[in-house]
Structures are given as C-alpha cells and as structure tokens.
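Examining the three-dimensional arrangement
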Protein chains: 2
Amino acid sequence: MLSKNTVKFIKSLHQKKFRNQEQKFFVEGEKSVLEVLNADFRISLVVATEAFAEKNTTLISRSNAQLILATQHQLESLGQYQSNDSALAVVDMKANHPFEFPADGFVIALDDVRDPGNLGTIIRIADWYGIKNLVFSAQTADFYNPKVIQSSMGSFTRVSFFYADLDSVFKNWNVPVYGAFLDGKNVHELNHISPGVILMGNESNGISQALEKSVTNKVTIPGFGEAESLNVAIATAILCDNFKRLTLG
Amino acid sequence: MLSKNTVKFIKSLHQKKFRNQEQKFFVEGEKSVLEVLNADFRISLVVATEAFAEKNTTLISRSNAQLILATQHQLESLGQYQSNDSALAVVDMKANHPFEFPADGFVIALDDVRDPGNLGTIIRIADWYGIKNLVFSAQTADFYNPKVIQSSMGSFTRVSFFYADLDSVFKNWNVPVYGAFLDGKNVHELNHISPGVILMGNESNGISQALEKSVTNKVTIPGFGEAESLNVAIATAILCDNFKRLTLG
C-alpha cells in the first residue's frame, strides 16, 4: 500500500533540491520504467498497477526494488504524466565523473540549454547518432528533471554526462569545437569533419560571448525560407546528421 | 476595459469547436503578435499591456483591430502562456483551399500527427527550409490550436495548408511520395532527389498501412546508436535538410 510518507517522498523528487539531497530521481510510464529496469541502475522502489506488476514480475523482482501496487489514479497523482496506467520507479542517481574526450567520436556540449524538453530530446538524438558523451554548463537544465527523463524516451539510460565550466573542459581536451552560429560555414558545403565537440547554445541567446572564443569552427545550418531560427534540439539533430554523414563519407 | 463577455469569448477559442464556429483563433506573446500584425491577416482584437500598446501604436492602429488594455495578470489568464507581459490578438482564420503541387518544390504531408507542439515545430521547420505548402490528414492536430501557433514561432503566418484525404491528393498530384520508414533507403546514400511529397506519420504508429502503398520512395534516417526512433519533428527536419542538400547539390 502506498503510504502518505511514500507519496510525500516521491512528490519531493519533482524538485531538484530534494533529488540532489536524496541522490534519487523518478521515471514514469511503461517504456521508460522498462528501459530503466533493463539497464544498469539501482532501483529502490517500483509503484505499479497490478497489470504492469503481473506482466513484469521477473524483471521487477530481479531488480530487488520494493514493489508497491497502486491504481492508475494514484500513479498519475505521483508523477507528471496526465495518463499513466503502468508504473513509476524511484532510481538512484549514478555518480557522474568527467570523462576524457572519446578518441573516435563526438561530444555534445550544451551552453545553458534551459528547457527540460529540449535537453531530453537532445539526449534521445545523441543516442540515435551513437554519441554517448555529453557535457553541460552549470545553467543547463537538470538531467534528472522528470521532463528530461520523459522526453529522452529511455535514452537517458545510455549516455554519460557531467556538468562543468565548458571553457576549461574544451581547453583541456584540445579538440575542434564546432559551434552553431548564424554566420558560420554552411554544413552542406563541408567535405570532411574531424571528431570534436558539437556546441549548442541557449534557446534565446545562443552560445555565450564568453564561450564564443573557444569555438574553433563556426558552422551554420542553411535556411531557405523566412524562419529566424530553429529550435535548439532540431538544430542539434541536423548537425549530428551532417557530421555523421561527413565522418563516414 | 476587458469585459466579462470578451474574456469568455477569448477563452472559448481554446476549443476547436468554437474556433471553427467563429472562424477565429488567438495568438499570444510579443513575437507572435508582432508577426501576425505584420502579416496579411484580419485582426479583430488586440489585448495588450500599456507598454506593448505604446511601443506598437502605429502597427496596432494600422490593423484596424479594437485595442483593449490589460494587465499582465489578465493576459496570462486569457491565454495559455505562463508569462505574457505583451499582448494577445484575436485573428480571423483564412480560407484554406487545396493547392496544386508546386512545380519546383516540396510539400510536407502529415498522416495523423496528433501533438500540437510537433505540428507547430514542423511548420517552423518547413518555413526554415522554404517549404511553403503542407497538407494534413483529417486526424492531424488543428493548425489553429494555440500550442501549434506558439511552437511555430510566427511561421504559421507564412505557410499554406489544407486538410484532406492524403491518398486522393497524392493520386491527383502524381509526384514522388517520400515516406519515412525504418527500412527505407538511407538518405545519406541518395545522390539526387526530385521534387515531391515528404510524408511523415503518426507519433506512435508511423505512416498508416492504408497510406503506405501511396509511398513511391521509402527513405530512412540512419541511426548509429540504440534509440528506437526519433521524434517526428526531428525526423522531418533531418529529411528536409538532406532533401535540400540533394536538390541543390
């Protein structure tokens, strides 16, 4: 049975302050809960409808998580989903250490991407393009925000990340930094690209002036109409797609 | 002054039924209201803060719209924005007639894209890539939904569209129909592309079986990681980017 204290505890995890204090976050909905149960995470609690619990008995018991049965209505009151007829899991954060630049790949760096939906979508895109490493400025949305987890569609289980002063990280790595600007080199006209950092800026202000001098290659997505800009997640996807094409071509 | 009846009227426009009955929709926030004031739309009403009204006196009076001053708090209670310190405009829908296939371009067709945020983002992408014409299945989200207008970031003023039975439209046009599937031709490996329809499917189910036989060219965005899929707006952007590159190349 779902106790008042458990309800209070899960609801506190909507806030970053309590997530950090407890070093836990929550995951909701069938797809994401199944992804996290199948991945390498420590899960302390699964709140599930009877139907979900029955269908996934082995998976849940293998996780050693406490199982609490709940109604759909209760699940919906705990999380942020308007509709959740399956489950919600409380999961331990993993320790996230700075990583070295991966020898043969790309890293996505985000300079103050504030919208959790954008961050989650970018994580999903990174996972699609096989980019496993991301680095975020301190003001970027919190990776464990429920909306980030939701919009990553399970891809949050497959990426590494850390928060840092991006300028110092880039200096340390000493690799090309491709920054998305409106006045850079047209990505359709590039012939080859070396592994490096794909740097995307804030939704309203783009890449900060302070970081602009760390950019070694300014690149631009060519526009053919009148829209002033593209959403940052859309722009990330288009750069990843072009860079992967150029790396393999 | 904002009367009770005006408040009730604007709030009714959150619902498709009343939008269709009145043949009006609303636009909110500084950027979108300025875009619509500068575009070729008939605007019946502008509700604005004193600051916005003073800054845009000429533009508002030129529109012949009635101007009602309101507080930020009132504006926020009328629309769907959490924060709106500028304006909201009530705008006449335009008559949307079926168009012929544009001789030298692409058309984006959406088969039951249900999420208004996705539809708005796709309209913004179309505008970025200079694709001015879109056609939607009957079950696709309503173009005039406030969330569509919001996420199109003003691009809704620059596209033509109509709702129709897609199968009949494609037959009538008799042009290539490029459909996004998981088992199509890798878009990175295409050498040339002819103008045609870019067909995108529903968020959960993709392109419907009934419509699959209208697709003349199945295309696929290559994946390199483990994500199962891409969001439909992201996939649209990547296809538009590749198709524009191939058309010009």
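Residue positions are counted from 1 within each chain, in the order its sequence is given. Working convention: letters from A go to chains and numbers from 1 go to ligands, in the order in which they are written. This being a predicted model, a pLDDT of at least 70 is required before a residue's local features are given, and a value of 80 or more before pairs of side-chain atoms are given or counted; all residues contribute to the totals for chains, interfaces and linings.

Points about the domain arrangement of chain A
All names here are of chain A. Delimitation of the domains relies on an automatic or database domain assignment. Segmentation of chain A into domains returns domain 1 (4-92) and domain 2 (107-248). Summarising the inter-unit geometry, the C-alpha centres of domain 1 and domain 2 are found 30 Å apart. What counts as a contact here is a pair of residues whose C-beta atoms, placed from the backbone, lie within 7 Å. Counting from both sides, the interface comprises 14 residues of domain 1 and, opposite them, 9 residues of domain 2. Helix and strand assignments follow DSSP, with helices taken as H or I runs no shorter than four residues and strands as E runs no shorter than two, numbered in order from the N terminus. Elements supplying a minimum of two residues to the side of domain 1 that touches domain 2: α2 (16-22), β1 (24-28) and α3 (30-38).

A few points about the interface of chain A and chain B
Counting residues at the interface gives 24 residues for chain A and 24 residues for chain B. Of all elements in the fold, only α7 (116-128) and α11 (232-248) of chain A reach the threshold of two or more residues within the side of chain A that touches chain B. Among the elements that line the side of chain A that touches chain B, the one with the most residues is α11 of chain A, at 7 residues.

Looking at the nonpolar core
Burial of nonpolar side chains together is a common tendency in soluble globular proteins. Residues Ala89 and Ile198 of chain A together with Ala89 and Ile198 of chain B are the most contacted members of the largest nonpolar core, which totals 148 residues. For Ile198 of chain A, the contacting residues outside a window of four places in its chain are Phe106, Ile108, Ala109, Tyr178, Leu239, Cys240 and Phe243 of chain A. Definition of nonpolar core: a set of buried Ala, Val, Leu, Ile, Met, Phe, Trp, Tyr and Cys residues joined via C-beta atoms within 7 Å. Exposure classification rests on a simple neighbour count of other C-beta atoms within 10 Å of a residue's own: a residue reaching 20 or more is buried, one at 12 or fewer is exposed, and one in between is partly exposed. C-beta atoms are placed from the backbone.

Here's the deal with helix α3 (residues 30-38) of chain B
Ser32, Val33, Glu35, Val36 and Leu37 of chain B are the residues of α3 of chain B that are buried. Elements in contact with the buried residues of α3 of chain B: β1 (24-28), β2 (43-48), α5 (57-62), β4 (87-92) and α8 (146-151) of chain B.

Focus on the packing of α11 of chain A against helix α11 (residues 232-248) of chain B
Axis definition: a line fitted to C-alpha atoms, over the contacting stretch in the case of helices. Angles run 0 to 180 degrees between N-to-C directions. Between α11 of chain A and α11 of chain B, whose axes approach to 9 Å, the crossing angle comes to 45°. For the element pair α11 of chain A / α11 of chain B, the angle class is oblique. Crossing of α11 of chain A over α11 of chain B shows right-handed handedness. Side by side, α11 of chain A and α11 of chain B meet where Ala233, Ile234, Ala237, Ile238 and Asp241 of chain A of the first sit next to Ala233, Ile234, Ala237, Ile238 and Asp241 of chain B of the second. Residues are grouped as follows: Ala, Val, Leu, Ile, Met, Phe, Trp, Tyr, Cys and Pro are nonpolar; Asp, Glu, Lys and Arg are charged; all remaining types, including Gly, are polar. Its residues assigned to classes, the contact of α11 of chain A with α11 of chain B comprises 8 nonpolar, no polar and 2 charged. Reported orientations rely on four angle classes, namely roughly parallel under 35 degrees, roughly antiparallel over 145, roughly perpendicular from 65 to 115, and oblique for the rest. Each crossing gets its handedness from the near helix: less than a right angle anticlockwise from the far helix is left-handed, clockwise is right-handed.

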